[in-house]
Amino acid sequence: MNHDNYDDNYIRGILNGVKSIAMVGASPVNVRPSYFAFKYLAQRGYDMIPVNPGHVGKNLLDKPFVASLADIGRPVDMIDIFRNSSHIMPVVEEALRLDPLPKVIWMQLGARDDAAAAKAEAAGIKVVMNRCPKIEYGRLSSEISWMGVNSRTLSSKRAPMPTQGMRLSLNRTSLGGGETAASDRAAKNKTDPA
Amino acid sequence: MTDRLPGFSTLAVHAGAQPDPTTGARATPIYQTTSFVFNDADHAASLFGLQAFGNIYTRIGNPTQAVLEERIAALEGGTAALAVASGHAAQVVVLQQLLMPGDEFIAARKLYGGSINQFTHAFKSFGWNVVWADPDDVASFERAVTPRTKAIFIESIANPAGSITDIEAIAAVARKAGVPLIVDNTLATPYLIRPIDHGADIVVHSLTKFLGGHGNSLGGVIVDAGTFDWSKDNKYPMLSEPRPEYHGIRIQETFGNFAFAIACRVLGLRDLGPAISPFNAFMILTGIETLPLRMAKHCENAKAVAEFLSGHPAVAAVNYSGLAGNPYNNLARKYAPKGAGAVFTFSLKGGYEAGVNLVSNLKLFSHLANVGDTRSLVIHPASTTHSQLDDAAKIKSGAAPDVVRLSIGIEDKEDLIADLEQALTA
Ligand SMILES: Cc1ncc(COP(=O)(O)O)c(C=O)c1O
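All values reported here derive from a predicted model rather than from experimental measurement. (Residues numbered from 1 in each chain as written. Chains lettered and ligands numbered in written order. Predicted model: local features only at pLDDT ≥ 70, side-chain atom pairs only at ≥ 80, totals over all residues. Heavy atoms only, no water.)

**Comments concerning the interface of chain B and chain A**
Frequently, the measure chosen for interface size is the accessible area that the parts lose on association.
For step 1, the next point in the chain: Each side of the interface is counted separately: chain B has 58 residues, and chain A has 51 residues.
For step 2, the next point in the chain: Buried surface at the junction of chain B and chain A, summed over both partners, amounts to about 4,300 Å²; 53% is from carbon and sulfur atoms.
For step 3, the next point in the chain: The interface formed by chain B and chain A holds two salt bridges in total.
For step 4, the next point in the chain: The partner of Asp42 of chain B in a salt bridge is Lys39 of chain A, and the shortest N-O contact between them spans 3.2 Å.
For step 5, the next point in the chain: In this assembly, chain B and chain A are joined by 15 residue pairs in polar contact (both at pLDDT 80 or more).
For step 6, the next point in the chain: Listed by contribution, the elements that provide at least two residues to the side of chain B that touches chain A are α1 (8-14), α2 (41-48), α3 (63-76), β1 (80-84), α10 (251-255) and α11 (259-272) of chain B.
For step 7, the next point in the chain: Of the residues forming the side of chain B that touches chain A, the biggest block, five residues, is contributed by α3 of chain B.
For step 8, the next point in the chain: Tallied by class, residues from the side of chain B that touches chain A come to 24 nonpolar, 22 polar and 12 charged. (Contact = heavy atoms within 4.5 Å. Buried area = accessible area lost by both parts, 1.4 Å probe. Salt bridge = Lys/Arg side-chain N within 4 Å of Asp/Glu carboxyl O. Polar contact = N/O pair within 3.5 Å; in protein donor to acceptor, adjacent residues only side chain to side chain. Helix = DSSP H or I, 4+ residues; strand = E, 2+ residues; numbered from the N terminus. Nonpolar A, V, L, I, M, F, W, Y, C, P; charged D, E, K, R; others polar.)

So, in structure tokens, the structure goes:
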């Protein structure tokens, strides 16, 4: 898997396939990106589970916080990690002890740990790094175009009006898959600090 | 499996536009409304808190405008765009995100005269200090860099003389200085040059010109390339620091590679107010559908007219970078292989007087202060667009007193040449 540049069909397959998402590092503070993403994904019909040992006993949008992945107590399709790159490995190791294993491990925008990704992939888990599922969902459904964002997709079909709790179609025509040339440059600039 | 990448003309027609969800309307509707109802209180709060995607009020965004924005972002290869009321508004909004009072930005000396005025006078009262550099001397940009430099601003094809800027060389200076490169791509349009492919971090346009293309609507746009890391130091607090107006949200952390476009919308447009009207957004969007056809014709006509003028005995010099022997011809071949644009200048052996006579003798060319119309246009920059500059600055910016500027339209080229011929001999 080329983690600098994902094909849209890879991301689309993941977002169409998973039903439950455990969000590690979910915050109850309503200006944190994890709160936005949690709320958006819940509104788009995903079964969301907040994981954060600091908030056990509280709820996030009516869902009770659990302290760890092991405490979820039921199978979960995807783990979305809202932690800095340096805190990814222990979460992946914890995920690899789950039975059944999750199908997908997703690391948030700005987070990347290639060694952790390789470990998860060796166990047959799909990995996405340095992306936000809210942004990717909004982009592939073109809901995000309301903000002037380049969805890099086209469709000549009439779209339904999105409402609360509704899953949107992600199956638009992608413009050449993954990324714009410019975003590739951004990824490259990061690893090449010249 | 990777889907195929549609070509430029397909994007010019389709990008951003989908049949209307409620009515099925295929052309993009003009959403001529100030405001949009919320589903409930929570929806309203999520929209205001930047947590949900959606429409609130047309000063912040509008669905017709959003189609225009996505279309241009796709054509330029950017991650997102923001449309505003004019090209000048785009420049204010961009720099407001980047500069604090006392900061500097470096700008190429060859710019549209209105931009030179805006940078020199209007921005001075904001405490934003422009430092001029020579686009034909890349080292002059390097020398202009100081610890207060926050951005570099150039035009891809410069107004009025149509000279071509070495974008890649200046992008390298910007990268070394750790500041974004802003390229005004108005005269080229993404059909001729895509500055992001050459290292630009931000692209701005006056949509009033070739993108709208019909001389009927003002507009401007800002395109975010998604390439700049705003948080690597604390140089760009609008993007990297918690924003008090949004309960402490950090824009880059929340919006990733389209954070700059979002900052321009929610911190710039929202608070400064230069919104584009939905009707203008619609007119410009309709214009863009034929951009590739028009630009090809503009360039073909411009080359023919430039060739005619260079062979005319009354003409002293023609500054069209598409002509062999022009000092910018190599750069034109590199950056604009499909054509060198349709705005250029020439000077007459009879000097200032002959220029003034020519303008009044023309019958098909319109004498007015615009470029990039379907109609052919003519102006004498020294007495109009560049009149506020002193003589030395006029010459440096390519608007010497004996210079006439043409913007070649999409009429039949034989008719344009015949009009110039009669006006030159009249
Ligand atoms: C290159 C260039 N940039 C910016 C502008 C300003 O655009 P507007 O008139 O839409 O504010 C113009 C207008 O002539 C222009 O030619």
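**Some points on the layout of surface pockets**
For step 1, the next point in the chain: Its volume calculated, the second largest pocket comes out at about 1,200 Å³.
For step 2, the next point in the chain: Surrounding the second largest pocket, 49 residues form its lining, Glu143, Trp146, Met161 and Pro162 of chain A together with Pro21 of chain B being those nearest its centre.
For step 3, the next point in the chain: Of all the secondary structure elements, the ones that give two or more residues to the lining of the second largest pocket are α2 (33-43) of chain A together with α2 and α3 of chain B.
For step 4, the next point in the chain: The residue makeup of the lining of the second largest pocket, split by class, is 21 nonpolar, 19 polar and nine charged. (1 Å grid on protein atoms, 1.4 Å probe; cavity = no way out; pocket = protein on both sides within 12 Å on 5 of 7 lines; lining within 4 Å. Points joined across faces, edges and corners; volume = space filled by probe spheres on them.)

**A few points about the domain arrangement of chain B**
All names here are of chain B.
For step 1, the next point in the chain: Domain annotation for chain B reports domain 1 (31-287) and domain 2 (291-425).
For step 2, the next point in the chain: Computed from C-alpha coordinates alone, the two centres of domain 1 and domain 2 are separated by 28 Å.
For step 3, the next point in the chain: On the domain 2 side, the residues contacting the 37 residues of domain 1 number 40 residues.
For step 4, the next point in the chain: Summed over both sides, the interface of domain 1 with domain 2 buries roughly 3,200 Å², with 61% coming from carbon and sulfur.
For step 5, the next point in the chain: The largest share of the area that domain 1 buries against domain 2 comes from Pro160, Tyr191 and Phe210, three residues that together contribute 25% of it. (Domains from an automatic or database assignment.)

**A few points about the pairing of strand β2 (residues 104-108) of chain B**
Residues and elements named next belong to chain B.
For step 1, the next point in the chain: Extensive coverage of β2 is indicated by the burial of five of its five residues.
For step 2, the next point in the chain: The alternating pattern of β2 places Glu104, Ile106 and Ala108 on one face and Phe105 and Ala107 on the opposite face, and all of these are buried.
For step 3, the next point in the chain: By the bridge criterion, three bridges tie β2 to strand β4 (residues 149-155) in an arrangement that is parallel. Considered in β4, the bridge of Ala107 is made with Phe153. (Buried < 20%, exposed > 50% of the residue type's maximum accessible area, 1.4 Å probe, protein only. Pairing = 2+ DSSP bridges.)

**What to know about the site of the ligand**
Residues and elements named next belong to chain B.
For step 1, the next point in the chain: By nearness alone, 13 residues border the ligand, and Gly87, Asp184, Ser206, Thr208 and Lys209 come closest of all.
For step 2, the next point in the chain: Within the contact set of the ligand, an oxygen atom lies 2.8 Å away from a backbone nitrogen or oxygen of Gly87.
For step 3, the next point in the chain: About the coverage of the ligand: the protein hides 92% of its 400 Å² of free accessible area.
For step 4, the next point in the chain: Residue composition of the shell around the ligand, grouped by class: one nonpolar, nine polar and three charged. (Near = heavy atom within 4 Å. Areas by Shrake-Rupley, 256 points an atom, 1.4 Å probe, with all protein chains shown as cover.)

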